[in-house]
Each structure stands twice: as C-alpha cells, then as structure tokens.
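# Breakdown of the fold
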Amino acid sequence: MAQHNLIRVAVPVPLRRLFDYLPAGGPLPAPGCRCEVAFGNRRLIGVVWEIAAPGDTDQPLNKLRPIERVLDSRPVLDSDLRELCQRAATYYQHPIGEVLQTALPVLLRQDTPADRPGELVWRLTARGRFADPAQLSRAPRQQQALTILAEHPHGLSRPMLTSLGLTSPPLRALEKKGWAELVLDEPTPLPPTSQSPLAEPPLTATPEQDAAIRAIIASEGFAPFLLDGVTGSGKTEVYLQAMAHQLAHGRQVLVLVPEIGLTPQTIRRFRSRFSVPVTVLHSGLSDRERFKAWCDARDGQARIVLGTRSAIFTPLAAPGLIIVDEAHDTSFKQQDGFRYSARDLAVWRAQMLDVPVVLGTATPALETLYQAQSGRYRALRLTHRAGEARPPVIQLEDCRGLPADTPLSPRSLEALGATLKAGRQALVFINRRGYAPMLLCQDCDWQSECGRCDAHMTWHRAARELRCHHCDHRRPIPHRCPQCGSQHLRDMGAGTEKLEALLRRQFADARLIRIDRDTTRRKGSLDASLEDIQRGGAAILVGTQMLAKGHHFSALDLAVMLDADAGFLSADFRGPEQAAQLILQVAGRTGRSDRPGRLLLQTRQPDNPLLQLLCQGNYHRFAEQLLAERRQTGLPPFGFLALVRAESLQPDAGLTLLQDAGDALPLDGGLQLLGPVPAPMERRQGRFRSQLLLLAPTRGLLHRQLPPLLAALNAHPLARKCRWHLDVDPTDL
Ligand code: ADP
Ligand code: ZN
Ligand code: ZN
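Because the structure is predicted, anything quoted here is derived from the model rather than measured.

If you tally the helices and strands in the protein chain, you get 21 helices and 30 strands. Taking 733 residues into account, the globule formula puts the C-alpha radius of gyration at 27 Å, and the protein chain, at 29 Å, falls close to it. On the principal axes, the C-alpha backbone points of the protein chain span a range of 80 × 75 × 60 Å. Sequence-distant contacts, at least 24 apart, represent 75% of the contacts inside the protein chain between residues at least 6 apart.

What follows deals with the UniProt feature "binding site: Zn(2+) 1" (unreviewed entry) in the protein chain. On the UniProt side, "binding site: Zn(2+) 1" (unreviewed entry) is annotated at positions that read Cys441, Cys444, Cys481 and Cys484 here. The annotated residues occupy 44 residues of the chain but converge on a single region, no pair of C-alpha atoms lying more than 8.6 Å apart. Of note, Cys444 is situated in the loop between β18 (438-441) and β19 (458-460). For Cys444, the residues in contact, after removing those within four places along its chain, are Cys481, Gln483, Cys484 and Ser486. Classification of Cys484 by C-beta neighbours within 10 Å gives exposed; the count is 12. In this structure Cys484 touches Cys441, Asp443, Cys444 and Trp446, once residues within four positions along its chain are discounted.

Next up on the list: the nonpolar core. Ranked by internal contacts, the top residues of the largest apolar core, which has 168 residues, are Val9, Phe429 and Ile583. Contacts of Phe429, omitting those with residues within four sequence positions, involve Gly543, Leu547, Ala548, Ala559, Val560, Met561, Leu562 and Val586. Membership of the second largest hydrophobic core comes to 13 residues, among which are Leu136, Leu156, Leu171 and Leu174.

We now examine helix α15 (residues 496-506). Within α15, burial applies to Thr496, Glu497, Lys498, Leu499, Glu500 and Leu503. The inward-facing, buried residues of α15 contact β17 (425-429), β19, β23 (512-515) and β24 (539-543).

Moving on, we come to the sheet that holds strand β11 (residues 278-281). Pairing is parallel in the open sheet, where seven strands are placed in the order β11-β12-β10-β13-β14-β9-β15. Strand pairing shows two members of the sheet lacking a second neighbour, β11 and β15 (378-382), which therefore form its edges. Looking at each pair of strands side by side, their axes are set apart by 20° on average, direction ignored. The sheet contact formed by strand β9 (residues 223-229) and strand β14 (residues 356-361) spans six bridges and is parallel. Counterpart to Phe225 in the pairing with β14 is Val358. The sheet contacts of helix α8 (residues 207-218) involve β9, β14 and β15, and relative to β15 the element is tilted by about 155°. Helix α11 (residues 287-299) contacts β11 and β12 (304-307) of the sheet and is inclined by roughly 135° relative to β11.

The subject of this paragraph is the packing of helix α1 (residues 79-91) against helix α12 (residues 342-353). In a packed pair of helices, the relevant descriptors are the angle between the two axes and the axis-to-axis distance. At a closest axis distance of 10 Å, the pairing of α1 and α12 adopts a crossing angle of 140°. One element, α1, and the other, α12, form an angle in the oblique class. Here α1 and α12 pass one another in a crossing that is right-handed. Across the interface between the two elements, Asp80, Glu83, Leu84, Arg87 and Ala88 from α1 touch Leu345, Trp348, Arg349, Met352 and Leu353 from α12.

So, on to the sheet that holds strand β5 (residues 69-70). Strand pairing within a sheet occurs via backbone hydrogen bonds; the two strands may be parallel or antiparallel. Here five strands make up an open sheet; going across it, the order is β2-β1-β4-β3-β5 and the pairing antiparallel. Every other strand in the sheet has two partners, leaving β2 (19-21) and β5 as the edge strands with one partner each. Strand direction decides the pairing type here: strand β3 (residues 34-39) and strand β4 (residues 42-52), joined by six bridges, are antiparallel. Bridge assignment links Val37 to a residue of β4, and that residue is Leu44.

Here the focus is the environment of Gln334. Following the sequence through the fold, Gln334 ends up in the loop between β13 (319-325) and α12. With 16 C-beta atoms packed within 10 Å, Gln334 lands in the partly exposed category. Counting along the chain gives 396 residues from Gln334 to Pro730, while the straight-line C-alpha distance between them is 9.7 Å. Gln334 has contacts with Arg309, Arg339 and Tyr340, leaving out every residue within four places of it along the chain.

What follows covers the site of ligand 1. Around ligand 1, 17 residues are found, and the nearest of them are Gly234, Lys235, Thr236, Glu237 and Ala386. Here the residues of the shell around ligand 1 are counted per class, giving three nonpolar, 11 polar and three charged.

Moving on: the environment of Asp472. Its place among the elements puts Asp472 in the loop between β20 (465-467) and β21 (474-476). Taking the C-beta count within 10 Å as the criterion, Asp472 has 10 such neighbours and is therefore assigned exposed. With 213 residues separating them along the chain, Asp472 and Gln685 place their C-alpha atoms 8.9 Å apart.

With 12 residues, α8 ought to run about 16 Å at 1.5 Å a step, and its terminal C-alpha atoms sit 16 Å apart, in line with that. Listing the buried residues of α8 in full gives Gln209, Ala212, Ile213 and Ile216. On an axial view of α8, the arc spanned by its buried residues comes to 100°, and they lie on one face. Along α8, the residues that are exposed and aim more than 90 degrees away from the buried face are Pro207 and Ala218.

Running from N to C, helix α5 (residues 140-151) and helix α7 (residues 168-176) point in directions that differ by 75°, and their axes come no closer than 9 Å. The orientation of α5 with respect to α7, classified from their angle, is roughly perpendicular. Note on element contacts: α7 touches α5 through Pro170, Leu171, Ala173 and Leu174, opposite Arg141, Gln142, Ala145 and Leu146. Class assignment of the residues belonging to the contact of α5 with α7 gives a composition of six nonpolar, one polar and one charged.

The next point concerns unusual backbone geometry. A cis amide bond links Pro636 to the next residue, Pro637, at an omega of 10°. The residue Pro637 is located in the loop between α19 (619-633) and β27 (640-648) in this model. The step from Gly675 to Pro676 runs through a cis peptide bond, and the omega angle for that step is 10°. Take Pro676: it is sitting in strand β28 (residues 672-684). Located in the positive-phi region is Asp445, a residue other than glycine, with phi close to 70°. What makes Asp445 exposed here is the crowd of 10 C-beta atoms within 10 Å. The phi torsion at Asp472 lies on the positive side, around 65°, for a residue other than glycine.

By secondary structure assignment, the location of Arg490 is in strand β22 (residues 489-492). On a C-alpha basis, the gap between Arg490 and Val37 in space is 60 Å, while along the polypeptide they are 453 residues apart.

This brings us to the pairing of β14. In terms of burial, β14 is largely enclosed, as six of its six residues are buried. The alternating pattern of β14 places Pro356, Val358 and Gly360 on one face and Val357, Leu359 and Thr361 on the opposite face, and all of these are buried. Pairing analysis gives four bridges linking β13 to β14, with the strands arranged parallel. Bridge assignment links Ile322 to a residue of β14, and that residue is Val357. Since β13 and β14 lie parallel, the crossover through α12 that links them has a hand, and here it is right-handed.

The rules behind these values
Residues numbered from 1 in each chain as written. Chains lettered and ligands numbered in written order. Predicted model: local features only at pLDDT ≥ 70, side-chain atom pairs only at ≥ 80, totals over all residues. Helix = DSSP H or I, 4+ residues; strand = E, 2+ residues; numbered from the N terminus. Rg over C-alpha atoms; globule rule 2.2 N^0.38 Å. Contact = placed C-beta atoms within 7 Å. UniProt positions renumbered as here; feature names shortened; annotations may be inferred. Buried ≥ 20, exposed ≤ 12 C-beta atoms within 10 Å, placed from the backbone. Core = buried A, V, L, I, M, F, W, Y, C linked by C-beta atoms within 7 Å. Pairing = 2+ DSSP bridges. Axes fitted to C-alpha atoms, helices over the stretch in contact; angles between N-to-C directions. Parallel < 35°, antiparallel > 145°, perpendicular 65-115°, else oblique. Left-handed = near helix turned anticlockwise from the far one by under 90°. Near = placed C-beta within 6 Å. Nonpolar A, V, L, I, M, F, W, Y, C, P; charged D, E, K, R; others polar. Expected span 1.5 Å × (residues − 1). Arc of directions from axis to C-beta. Right-handed = clockwise from strand over helix to strand, strands pointing away.

Have a look at this one:
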C-alpha cells in the first residue's frame, strides 16, 4: 500500500484529541481549511489541524479513512488564531473541536463558502437609468421606486428599502419592464488609509490621560497595560486617542466590552469619533450578519471591531491594538461549555499578534492588579475624574433596626425625595428581580421551594407566577398553603418589582424607570429605557446589575444600594472582591457631571472593617487588604485553581467519582485537594452537584495534574452516570 501523508483533523466532538485521516487525492489541504470527514456513521465538518508524516499515527493504517472533501481553498483560521485556539484547548483542557465551535461563526461550522457573502440589492438597469419617471405618473409607487433607485447607483438592500418605505410589488413591476434588477452587490473597497480617521476632534487630554495615551502609543509590539482609572476619569478618551494612532497607520482595533455593555451609547462614542467603518458583534445579529461581520474584520473592511467575549476570536487583517473595557467584569469568563477567560485570551492574542493590549477598569480584578504590581503589566493610573466631576461619597446606612418587610430605610426614602425635588435622578439598586424572593406560610412554615433545586421560587407578581431563577420552573401562585391549606401566605424580602411598586406609592407623580431582565426582554427595550434616562429630568431608576456597568448618566446624583453587603459573607472567597467592585461601580454612576454624587449603602453589618475601608472610596487600599489575605491562604493570584464539578441523579455518585479521581493524584509539591464537597447549591434542575478543587502553588504543578485527573475521571465506571466538567481558573465557586 502506498504511503500517504496523514491529515490530522479537529473534529467537533467532545474528545480531547485530533483524528487522523488520509488525503482524498489532489493537493494536500492547508492547515486551517475546513473538510468534511466520516466520523463513526456520521459526517462532520472539521478543520485540518496539521499534516503528519506517513505512518505517524497510533491507529491501524487499514482503519484510516480518507477525508471526504475539502471545503476551502484558503484557511478559515489563520495561523495566529490556530495558535490561540490550540493554546486555549491545552490550557483549559478542552476538546479542540469544541474550542473551534466557539471560535468560528455558526455558518462556517456548516457547509457555507467562506468567501465574503454578497448582499442582494435592487438597482436600476442601464435602460432603467434612462427611463423618465414622468412615464409612470399613473403608477405613483413605481415612480417613487424608480426615483429612489436612481439616487442610489450602487443599489439598495432589502432592509434599506423597507426603511425607505418601499415594498416588493413596485420593484417587481419595474423588473418586468426591464428597468430594475436584483443583483449581488460588490464588496466595498478598503477605505484609504492616508485620510485622517477622525470625524470629530479629540478632547484635550488631562495630564494623566496624556501620559497614558503616550505610553500606549509609544509601545512597539506586545505590551500589556492596566489602565487603572477611577470611575469617570475618562478611560474611553484614552482608548479613543490610542486607537486614533493605530487607525491613522491603517491598522485595526479590537475592543471587547462586557455582555450588557454594548449599548447604543457605547457604540455611538466610537462611531462618532472616527470616520472609519465600525463593526459591532452583538448577540442580536443573525448568523448571516455575524458571518459578514467576521468577513469584514478578516478582510480589513472593518477598522474597529467592537464585541463581547467571543469577539476575541475575530480574525484581523491588520491588527494594531486590543482593548478590554471594564476588564474586571465577570462576563468575560464563559461559565458553560468551553470555560475560557476572554480577558486572559486577549493578552495571549496580543502577544501572538505582537500588539499592545489595554485592560481598562476602575476596579481591577486582584489577578490583574497583581500582574501590574509584579511588573508584568504596566499600570497607567487615572486618579481624578475628568472635567468638573468630583469623586462620589459612600455612606453606610445602618439597617439593623429596619423591620424585615421594609426594604428602604427612612433616610434612603428621604434622600430619594430630595433628589426628585431637585429635578435630578436617583438609582435604587438591588441585584434581585421579581417581586419577592419567596412565599411563606405563617401557620406551618411552608416555603416556596423549587422541587428541582435547593432554592426558593421567586414571586413574580405581574406574571402571577412563582419562578425558579435556577431552572426556570414555573407554577401559578398558590392561594392556600400547599401543605396545611392555610390562607396566611406572605412574602419575604424584596426584588425590583416590589421596589418599583413601593416607590410608585411613595412618589406618586415621579417618573420611574425599572431595568432588569424582565423589563428588557423585548428587543430594543433596554436601549429605549437608557435613552429615556439620558434625556435627563427628575426620575428614579430601579434596577439590577444591568444598570451598574459602564453607563454615563449625567443627571444621576444619588444611588441607594440594598443587600450589597451579602457578598462580604459569601462562602466564595471572591465574594468581598466582587461585592466591592459592584459597590464602587454603582457609586461611580453618580456625580459624573458638575454635581456631587453619593451612594447610600444599606447594610446590616455597618461595623464590618472591610466595608468601612471601602467607604473611603479607595479601591486600592481595600484590594491590598484582600491581597494580603490571599497571600496568606495561597489563593489566587498567589495560587492556581482548577475546579471539577460533577452532577448526577443519585446523591452520591458525583461525590464518589470525584473522591476516586482525586485519590489517583499524587499529593506532592504542595498540591492541595479541597473536597470533594456538595456544591453550594447542591441540587439544581433535579441533579445533585458536587465539586472538587485543586489548589497548587504554581501554574505548572496544577497543569501537570490535569491530564491524570481527566484520565481517572474518564476511566471511572461512574463517569457514565454523571455529567462532569473541568473549570481552570474558575471564578464562580
Ligand atoms: P470612565 O470610562 O473612566 O468611567 P468616561 O470615559 O465615561 O469615564 O468619561 C467620563 C466623562 O468625562 C465623559 O463625559 C467624558 O466625555 C468626559 N471626559 C473625559 N475626558 C475628558 C477630558 N480630557 N476633558 C473633558 N472631559 C472629559
Ligand atoms: Zn401552611
Ligand atoms: Zn429550580
């Protein structure tokens, strides 16, 4: 038998390996090209990963099959992106074929040609261009269509036509006359790079901004920066001026923002400054639009690419700079499937592309802060707010004496009233939606527990339902206690819906804007509410963390926070860090113009020293304290963590699986196994969850344990009765 080169293919299956195939004849495909292969009795689309020497396989040669066909003539993944995916697959111990499912747009996981998709447009034919609209005086709609098409020689797409009020019938009528036609548009040519990319002049940078901008511009090649600037210090202006430099040199900029940070206001700030094409990758795009955006970035049509987490995998024709805005935000970490940190991948990618990367935030994650302290990232500090704005004041509001059914203290209500009276805006923040987090029977202590989770079902009053926020189980409100039949059911605690109702009673004439996942389900409704806030004028905003992030509300003078201190008592060691970030971010929404801002922090632990430290508004002193604790306990960033979580229908199967897999590891070099223990919410969606933590003093030691750990898990008979996954650098314990 003739000896052939082998083709190693990344196949989209949950197995941590590549698969060997024989060539199909013809030239060998280049790595990064897609190919169709037979896999078991299925046909799958994989990506050629490498070409190996004949015979260099652990599979019997007569078992190898040829690939069915090659889909691309040039790679859909360039070598930089392949390197990024490979490194991520190794680091997170995730199957490479599944990593590619995250990296590639949906259409490319299928049999779609990878060339730029043309858009169908209507335009006039040569005859149509000479037609006289007056001839159509008896068909006014055709006349209108003819006139509009004559004004757009490059043609108009379906959505454009619709927005101009043109429907199909008149267009079809023109087509019949031979005056109009439906064609595939030409790609727009690359914008000339000699032209200035600026559409409006930059602001005059403050000295601190100026120093930061200069440092970023001066960097040649890879350089990681932490842009550590208090809220309202003008980090965006630093991004914009650093971007202008790259754009003027014909290079592209990739900007990552948190999941809900992609608001029209953010997009507008980038679009209005520059005259270059901006491509936005957001969850509202159709598969086809996403694919087109991907092509625009790859071919250099898009000069600025703005997107959430997965945009880190966007191909770039001429990369110049990567920016991660609100870099502390937890949405940069994917919490299911391929559990990667886009913040960390951004730094890797910048290194591979040899470009600078800027992580901007007012409240850096302790990991990031530590990188800066140890000199691996260069810290750029903005310590003052821009313009006339002063730092917000944080005041603890002791709520220990407050009755359980009174969510807002008298002082909070008074402050809200005063803000309204002054014609300004106030924000009431609570990170819990719904009316009340539980119902309770006063006679027998029955509670509205979810049958499938260790959690209470939340009362959604307007929807007349109890809902579990963990498994989405729903049921009608019981009118009698399901256990004893009593009618004395009452609710406990408060969510956004109850606060809204309470505030409506208290301030009957006030404008009230509630923003949470329930009020923003409809497409465009979040944007509409944010616009409403931007218009200014007296209002009370009630909302969850959707309101906390990045927004610039210039009329906001006051914020009141409820239950924000719960994180200080949480079992997760990151509880205080994340609570502090949220508190400072909420405080940071206030006082952003020329009026002072204030946060009233309602708390039942006013003596907590960490909370008191935080009230001084100095994140750094607070973070130093936490870092000292982490150093003592060897927790990140001074140690390295991996988490294995198992779920099973039987209570003990997961625990046994994790126990046995942990026992298989040699406990040397200071590796610690914490657990296995039941997960914080043990039962969820009817499954029992347990977890095992590995804590190692070095990254190397941790990573050496992962292959034997996975092997032990895979080989265990209970592995088939459980679902389990590995999370490297977990952020949610
Ligand atoms: P951050 O992202 O750091 O919280 P922003 O970038 O939203 O802050 O800036 C806050 C406000 O300060 C914005 O209204 C912005 O236009 C303004 N600003 C930023 N830099 C300057 C400057 N150099 N001069 C005047 N105003 C500025
Ligand atoms: Zn009862
Ligand atoms: Zn549930």
